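Next come the chains, spelled out residue by residue.
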Amino acid sequence: MSEKYKICGNAEVRIDDQVFTLPVFEGSEGERAIDIRKLRSETGLITLDSGYMNTGSCTSNITFLDGEKSVLHYRGYSIEDLADQCSFVEVAYLLIHSKLPTNVELDGFKRQLNDHSILHEDMIHFFDRFPPAASPMSILSSMVNSLHNFYPEMDDPLETLNITAARLLSKVRTIAAFSYKKSNGYPLVYPRFNLSYCANFLNMMFDSPVRPYLINDVVVDALNKLLILHGDHEQNCSTATVRMVGSARVNVYASISAGINALWGPLHGGANQAVMEMLEEIHQDGGNYRKFIEKAKDPDDPFRLVGFGHRVYKSHDPRCRIIKKACDDVLKSLQMEDDPLLAIAKELEEVALSDEYFIERRLYPNVDFYSGIIYRAIGIPTNMFTVMFALGRLPGWIAHWEEMWKSPDARISRPRQIYTGPLLRKFVPIEERE
Ligand code: SDX
């Protein structure tokens, strides 16, 4: 258990005529938890918490969230400071190495990212075997999984994790750009040693032999911010998946490929793409966003206002505010201030935040509500928005995989259940079945 983990009291649980005492632990930010690791052995009972709404799966030193106070810290630094003062590469280093890099460390990390930015030429042929309409998330998880075949770890994966982390951060960026080029039949643009991480990605995406891509510093800055804001988010669905899969002592590529698949879901990282599709639909419908708000409120309608609500944030998502500002800056720089989807998004937010249904349930715009508007303004296709989320989340996934792997009390994740099926039945041979 992490050193910042101390007993601060006890909880008593009365079961039938017995009272059991369980320790209460407190984390470094004052969060408290009942330690139930001895519950089953002492009482014979387990807890039941579908969706893990109230269950902590581990202690972690990486990210702290306070959903009531709109607080998000990576390794103790506020998301506002990091988004305002750092590049994505600096924040990726912080998440993976637990400290902000010195200039020497940052230069070394950048060199590592550059050295590992090229894909094995055999891997490039894989793109030719996906159908043209293949989902970029499906391509990404397949390609990341196959990285293990090209770069099998040595016996001790932690020994090579520094290189593996740089390899993933750099090659996933290349895979994302190449999948876009290949799906459009465009010639591949290779990474360049003299461009920053984000500028390189944009150049690989949009440069062409017949039309050179002009790097726009405002766009590069916005992309750095977007990737930083997606860097980590404690035990969200995809990160918990990376830890779950990794707990079986699976290599980091396969664990992250599993995380990519979890992120794909429209309730999770797929929401940024779904927000854009929702805004487009509202725009096509003459901007009638009130109809969508009423649909979202209708208990009999499965439609939800995508980009709204969060399992942890019951107040503003601090990332959303930063993205909204970056949105205005990028659209102004690209002379797209009158983007109709941004106008619809802002009106939708204003009306929803004053509606009793959303107020009562403490539903606010989340990280996915405005991010798609920036990606679209940059020229990134909607079906790649969740790939961008994965690119940003990579350092967080890597950091959590390493933390889980190194944890002294790490064991294979294997939740229990309460069985509610049929009691023992007499077997019936097939000829006697009706
Ligand atoms: C991300 O976990 C993370 O940290 C995730 C993430 C990260 O960085 O990794 O922050 C990224 O995944 C952000 C979330 C993106 N998803 C969406 O925007 C999809 C739309 N949002 C919802 O589906 C929902 O809000 C969730 C999935 C985000 C959270 O779901 P919960 O915590 O299970 O909440 P719930 O379904 O129990 O909702 C509570 C109530 C319900 O109403 P009642 O049954 O009480 O009447 O709020 C309602 C829900 O119907 N509700 C919504 C709503 N979200 C919740 N109603 C309309 N529109 C919505 N968006």
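All figures in this text were calculated on a predicted structure; none of them were measured in a lab.

## A look at the domain arrangement of the protein chain
How big an interface is tends to be expressed through the accessible area that disappears when the partners come together.
Line of reasoning, step 1. When the domains of the protein chain are assigned, the result is domain 1 (6-66), domain 2 (78-265 + 395-406) and domain 3 (271-378).
Line of reasoning, step 2. Once you take the C-alpha centre of each, domain 1 and domain 2 turn out to be 35 Å apart.
Line of reasoning, step 3. Between domain 1 and domain 2, a total of about 730 Å² is buried, with carbon and sulfur atoms accounting for 58% of that surface.
Line of reasoning, step 4. Between domain 1 and domain 2 we count zero salt bridges in total.
Line of reasoning, step 5. Here domain 1 is connected to domain 2 by three residue pairs in polar contact (both at pLDDT 80 or more).
Line of reasoning, step 6. Class assignment for the residues of the side of domain 1 that touches domain 2 results in three nonpolar, five polar and no charged.

## As for the pairing of strand β2 (residues 18-26)
Line of reasoning, step 1. Sheet analysis places strand β1 (residues 6-15) next to β2, joined by nine bridges and oriented antiparallel. Bridged to I15 within β2 is Q18.
Line of reasoning, step 2. The loop that links β1 with its antiparallel partner β2 comprises two residues; one of these, D16, has a positive phi angle of about 55°.
Line of reasoning, step 3. By the bridge criterion, three bridges tie β2 to strand β3 (residues 32-34) in an arrangement that is antiparallel. Bridge pairing in β3 links V24 to I34.
Line of reasoning, step 4. In sequence, β2 turns back onto β3 through a hairpin of five residues, with G30 there showing a positive phi of about 90°.

## A short note on the packing of helix α12 (residues 271-284) against helix α15 (residues 340-353)
Line of reasoning, step 1. Where α12 contacts α15, the two axes come as close as 10 Å, and the packing angle between them is 100°. What the angle tells us is that α12 and α15 run roughly perpendicular. From α12, M276, M278, L279, E280, I282 and H283 reach across to α15, where they touch P340, L341, I344, A345 and L348.

## A closer look at the site of the ligand
Line of reasoning, step 1. Around the ligand, 23 residues are found, and the nearest of them are H233, H310, R311, R319 and R393.
Line of reasoning, step 2. Between F308 and the ligand, the recorded distance is 2.9 Å, taken from a backbone N or O atom to a nitrogen atom.
Line of reasoning, step 3. H310 places a side-chain nitrogen or oxygen 2.6 Å from an oxygen atom of the ligand.
Line of reasoning, step 4. Coverage of the ligand by the protein chains reaches 76% of its 1,100 Å² of free accessible surface.
Line of reasoning, step 5. Looking at the shell around the ligand residue by residue, the class counts come to ten nonpolar, seven polar and six charged.

## Overview of the environment of R167
Line of reasoning, step 1. Positionally, R167 belongs in helix α7 (residues 161-183).
Line of reasoning, step 2. Of the residues examined, R167 reaches a relative accessible area of 14% and is grouped as buried.
Line of reasoning, step 3. Residues contacting R167, with those up to four places away along its chain left out, are H116, Y151, V172 and Y253.

## Looking at unusual backbone geometry
Line of reasoning, step 1. Non-glycine residue S70 carries a positive phi angle of around 55°.
Line of reasoning, step 2. With respect to the secondary-structure elements, S70 resides in the loop between β4 (63-66) and β5 (71-74).
Line of reasoning, step 3. Since its relative accessible area comes to 14%, S70 is described here as buried.
Line of reasoning, step 4. Look at R249: it is not a glycine, yet its phi comes out positive at around 65°.
Line of reasoning, step 5. Examined against the element boundaries, R249 turns out to sit in the loop between α10 (237-246) and α11 (252-263).
Line of reasoning, step 6. Its relative accessible area of 43% is what places R249 among the partly exposed residues.

## Some details on the environment of A177
Line of reasoning, step 1. Relative to the elements of secondary structure, A177 occurs in helix α7.
Line of reasoning, step 2. Take A177: its relative accessible area is 0%, and that puts it in the buried class.
Line of reasoning, step 3. Sequence separation between A177 and N203 is 26 residues, and the spatial gap between their C-alpha atoms is 8.9 Å.
Line of reasoning, step 4. Residues contacting A177, with those up to four places away along its chain left out, are F201, M204 and M205.

## Remarks on α10
Line of reasoning, step 1. All of the buried residues in α10 are S238, T239, V242, R243 and G246. Across the axial projection of α10, the buried residues extend over an arc of 145°, all falling on one side.

Thresholds applied
Residues numbered from 1 in each chain as written. Predicted model: local features only at pLDDT ≥ 70, side-chain atom pairs only at ≥ 80, totals over all residues. Heavy atoms only, no water. Domains from an automatic or database assignment. Buried area = accessible area lost by both parts, 1.4 Å probe. Salt bridge = Lys/Arg side-chain N within 4 Å of Asp/Glu carboxyl O. Polar contact = N/O pair within 3.5 Å; in protein donor to acceptor, adjacent residues only side chain to side chain. Nonpolar A, V, L, I, M, F, W, Y, C, P; charged D, E, K, R; others polar. Pairing = 2+ DSSP bridges. Helix = DSSP H or I, 4+ residues; strand = E, 2+ residues; numbered from the N terminus. Axes fitted to C-alpha atoms, helices over the stretch in contact; angles between N-to-C directions. Parallel < 35°, antiparallel > 145°, perpendicular 65-115°, else oblique. Contact = heavy atoms within 4.5 Å. Near = heavy atom within 4 Å. Areas by Shrake-Rupley, 256 points an atom, 1.4 Å probe, with all protein chains shown as cover. Buried < 20%, exposed > 50% of the residue type's maximum accessible area, 1.4 Å probe, protein only. Arc of directions from axis to C-beta.

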